[in-house]
Amino acid sequence: MNEFLTLFLQQLQSPTLGFLIGGIVVASLGSQLAIPDSIYKFISFFLLMKIGLTGGIAIRNSNPSEIFLPALAAVLIGIVIVFISRWTLGRMPGIKVPDAVATGGLFGAVSGSTLAAVLPGLDAAKVPYEAWTAALYPFMDIPALVTAIVVASVYISKKTGQAEKVEIWPIIKESLQSSAVTALLMGVALGILTKPEPVYESFFNPLFKGFLSILMIIMGMEAAQRMNELRKVAQWFAIYAFIAPIVHGFLAFGLGLIIHKLTGFSIGGAVVLAVIAASSSDISGPPTLRAGIPSANPSAYIGASTAIGTPVAIAICIPLFIGIAEMMLGRIN
Amino acid sequence: MSQQVWKLVIVAEEVLSKKLTKLIKEAGATGYTVNAAGGEGSRNVRSTGEPSVSHTLSNVKIEVLTGTRELADKITREIEKKYYADFSIITYIYQVEALRDHKF
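Remember, it's a predicted structure, so these values are computed and weren't measured experimentally.

Asker: What is the right way to look at the overall build of chain A in this model?
Answerer: Regarding its fold elements, chain A presents 14 helices and zero strands. Listing every helix and strand of chain A by position from the N terminus yields α-α-α-α-α-α-α-α-α-α-α-α-α-α. Here the C-alpha atoms of chain A give a radius of gyration of 19 Å, agreeing with the 20 Å that 2.2 N^0.38 yields for 333 residues. Oriented by its inertia axes, the alpha-carbon framework of chain A measures out at about 55 × 45 × 45 Å. Split into buried and exposed, the 333 residues of chain A put 56% on the buried side. With the model as given, the accessible surface of chain A reaches about 13,800 Å², and the carbon-plus-sulfur share is 68%. One way to put it: in chain A the 19 positive side-chain charges average out to a point 6 Å from where the 16 negative ones average out.

Asker: Got a minute to help me understand the overall build of chain B in this structure?
Answerer: Along chain B, the regular secondary structure elements total two helices and six strands. Along chain B, from the amino end to the carboxyl end, the secondary structure elements read β-α-β-β-β-β-α-β. Across the 104 residues of chain B, 44% fall into the buried class. Sequence-distant contacts in chain B: of pairs separated by 6 or more residues, those separated by 24 or more amount to 79%.

Asker: Please clarify how the pattern of salt bridges should be interpreted in this entry.
Answerer: Oppositely charged side chains can pair when the atoms bearing their charge come close. Under the definition given, this model contains seven salt bridges over all chains. For Arg290 of chain A, the salt bridge identified is with Glu13 of chain B, shortest N-O distance 2.8 Å. Here the residue Arg290 of chain A occupies a position in helix H13 (residues 285-292), and Glu13 of chain B occupies one in strand E1 (residues 3-13), the pair thus bridging two chains. Considered together, Arg290 of chain A and Glu13 of chain B belong to a single accessibility category, that of buried residues.

Asker: Looking at this structure, I do not really get the confidence of the model for chain A. What am I missing?
Answerer: The predicted coordinates should not be examined in detail at positions where pLDDT is low. Overall, the predicted model of chain A reaches an average pLDDT of 90, with 98% of residues at or above 70. Confidence, expressed as mean pLDDT per element, reaches its minimum in chain A at helix H1 (residues 2-12) of chain A with 73 and its maximum at helix H12 (residues 267-278) of chain A with 97.

Asker: What's the story with helix H2 (residues 15-28) of chain A in this structure? I'm lost.
Answerer: Residues and elements named next belong to chain A. Here H2 spans 20 Å end to end across 14 residues, near enough to the 20 Å set by a 1.5 Å rise per residue. What H2 keeps buried is the set Thr16, Leu17, Leu20 and Gly23. In a view along the axis of H2, the buried residues occupy a sector of 120 degrees, so they form one face of it. Looking one or two residues beyond H2, the residue adopting positive phi is Gly30, at roughly 80 degrees.

Asker: What should I look at first to understand the packing of aromatic side chains in this one?
Answerer: The relation between two aromatic rings is expressed through the spacing of the ring centres and the mutual angle of the planes. Throughout the structure, instances matching the rule amount to 13 aromatic pairs over all chains. For the ring pair Phe107 of chain A and Tyr240 of chain A, a centre distance of 5.1 Å and an interplane angle of 75 degrees mean the geometry is edge-to-face. Within this pair, whereas Phe107 of chain A is found in helix H5 (residues 97-108), its partner Tyr240 of chain A is found in helix H11 (residues 235-263), the two being separated by 133 residues in sequence. Taking 6.3 Å as the distance between ring centres and 10 degrees as the angle between the ring planes, the aromatic pair formed by Tyr92 of chain B and Tyr94 of chain B counts as stacked. Residue Tyr92 of chain B is classed as partly exposed on the basis of its relative accessible area of 35%. Overall, the relative accessible area of 34% leaves Tyr94 of chain B in the partly exposed class.

Asker: For this particular structure, what's the right way to read the packing of H11 of chain A against helix H14 (residues 298-328) of chain A?
Answerer: Each pair of packed helices can be described by the angle between their axes along with the distance between the axes. Residues and elements named next belong to chain A. Remark: H11 packs on H14, axes separated minimally by 8 Å, with the N-to-C direction vectors making an angle of 35 degrees. Like other packed secondary-structure pairs, H11 and H14 cross with a definite hand, here right-handed. Taken together, the residues of H14 that come into contact with H11 (itself represented by Phe237, Ala238, Ala241, Phe242, Pro245, Ile246, Gly249, Phe250, Phe253 and Leu257) are Ala300, Ala304, Ile308, Gly309, Val312, Ile316, Cys317, Leu320, Phe321, Ile324 and Met328. The residue makeup of the contact of H11 with H14, split by class, is 19 nonpolar, two polar and no charged.

Asker: What should I look at first to understand the packing of helix H4 (residues 68-87) of chain A against H11 of chain A in this one?
Answerer: Residue and element names in this part refer to chain A. For the pair H4 and H11, the least separation of the axes is 10 Å and the interaxial angle reads 150 degrees. One way to sum up the angle between H4 and H11 is to call them roughly antiparallel. Here H4 runs over H11; the crossing is right-handed. The segment H4 lies against H11, with Leu69, Pro70, Ala73, Ile77, Val80, Ile81, Ile84 and Ser85 engaging Tyr240, His248, Leu251, Ala252, Leu255, Ile259, Leu262 and Thr263.

Asker: Would you mind going over the nonpolar core with me for this structure?
Answerer: One recurring pattern in soluble globular proteins: nonpolar side chains tend to sit buried together. All names here are of chain A. Ranked by internal contacts, the top residues of the largest apolar core, which has 93 residues, are Leu47, Ile51 and Val271. Considering each element in turn, this core owes the most residues, 15 residues, to H14. Ignoring sequence-local partners within four residues, the contact set of Leu47 consists of Ala116, Phe208, Phe211, Leu212 and Leu215. Ranked by size, the runner-up nonpolar core spans 20 residues in total, among them Ala102, Ile142, Leu289 and Ile302.

Quick notes on the rules
Residues numbered from 1 in each chain as written. Chains lettered and ligands numbered in written order. Predicted model: local features only at pLDDT ≥ 70, side-chain atom pairs only at ≥ 80, totals over all residues. Heavy atoms only, no water. Helix = DSSP H or I, 4+ residues; strand = E, 2+ residues; numbered from the N terminus. Rg over C-alpha atoms; globule rule 2.2 N^0.38 Å. Buried < 20%, exposed > 50% of the residue type's maximum accessible area, 1.4 Å probe, protein only. Areas by Shrake-Rupley, 256 points an atom, 1.4 Å probe, with all protein chains shown as cover. Lys, Arg positive; Asp, Glu negative; His and termini not counted. Charge placed at Lys NZ, Arg CZ, Asp CG, Glu CD. Contact = heavy atoms within 4.5 Å. Salt bridge = Lys/Arg side-chain N within 4 Å of Asp/Glu carboxyl O. pLDDT = per-residue confidence, 0-100. Expected span 1.5 Å × (residues − 1). Arc of directions from axis to C-beta. Phe/Tyr/Trp six-rings, centres within 6.5 Å; stacked < 30°, edge-to-face > 60°. Axes fitted to C-alpha atoms, helices over the stretch in contact; angles between N-to-C directions. Left-handed = near helix turned anticlockwise from the far one by under 90°. Nonpolar A, V, L, I, M, F, W, Y, C, P; charged D, E, K, R; others polar. Parallel < 35°, antiparallel > 145°, perpendicular 65-115°, else oblique. Core = buried A, V, L, I, M, F, W, Y, C linked by side-chain atoms within 4.5 Å.

Here it is as structure tokens:
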């Protein structure tokens, strides 16, 4: 147990987390530091492209049928997370169901920055994982957003008595066209169809960790700024945002371990699945939900996700699941 | 050389930008101008200044010049019906003089 704590503390000192906390601190102190929006967009594109390329190259050199069960698990988790939120957060006093469902959708959806943060963490801890696990991103992201919008629409139409048909395809299309999923899928496609190794080795791979650290500063600053929004909504959102990533992570880690027993899916892969489940969308999810569930309060779900959900996923869930994986691999007694 | 036209201004959430411009074109307007906007209203401060990860809290200001008041009203009615209830959005209108006539 002691060794587990030591490892956990080591993770807390990782550059990823250090930069995140740095961002939170400077923004809380009212610093004027501003990183231009276009830089942020470029960095998130770059990171997801690199992750996609890694995944694509891995898929090219592996058996594509291996991905089936983990992908199915990702879809299931994405859907279940929305219902968990509907029946826990949504039942709390003073919480409107559409707000709870939208929050669940955002927490079921996936954060590119969190995904980018877990992979170097696994590398550093020398926990092996299948590189294609990053390609599980859209399998969880899209079902979560679609489920949230459908559940909210059904609830609202029942309540108002006006049956409005929900068109599912436009939601899927919008998610697929979002910048995050496009960058990732394009990377996967280029990794499979072309031989990007030269640019990968000379450009994408060497710059990855540096850009990731800048992204972490931005996420930290964003978290501190969104805190103000979160203060304006019910405290249940903050409580949910703290507990949900951990619960979702364990749920996914459990499923990942079942697949590990069944098909030999790696424990590192189960960690990636767990962290994807623990993460909550910060780029593509909010606009989709804002358009899909207009009556839900964006301050509630964006505040919950960006101010608390993402920091918890990065600062607690990543070290936690990597620590558990190391323990299971027999590195700790 | 100039023509009296109506200038309809819509300040709205950036997530609506594409939908609004589509609506404007479909209503029959010949064009529009979109600017990034920031400010404060009944639904909190909304700004383009701070780094905004998701763009859900950014605003746009859309200006439409229409030759007739009817067209401007038609656009406003559509926007009112679809978006007033759930989104941060305001619309206002005034008469202006377009210096290139016969365009509207």
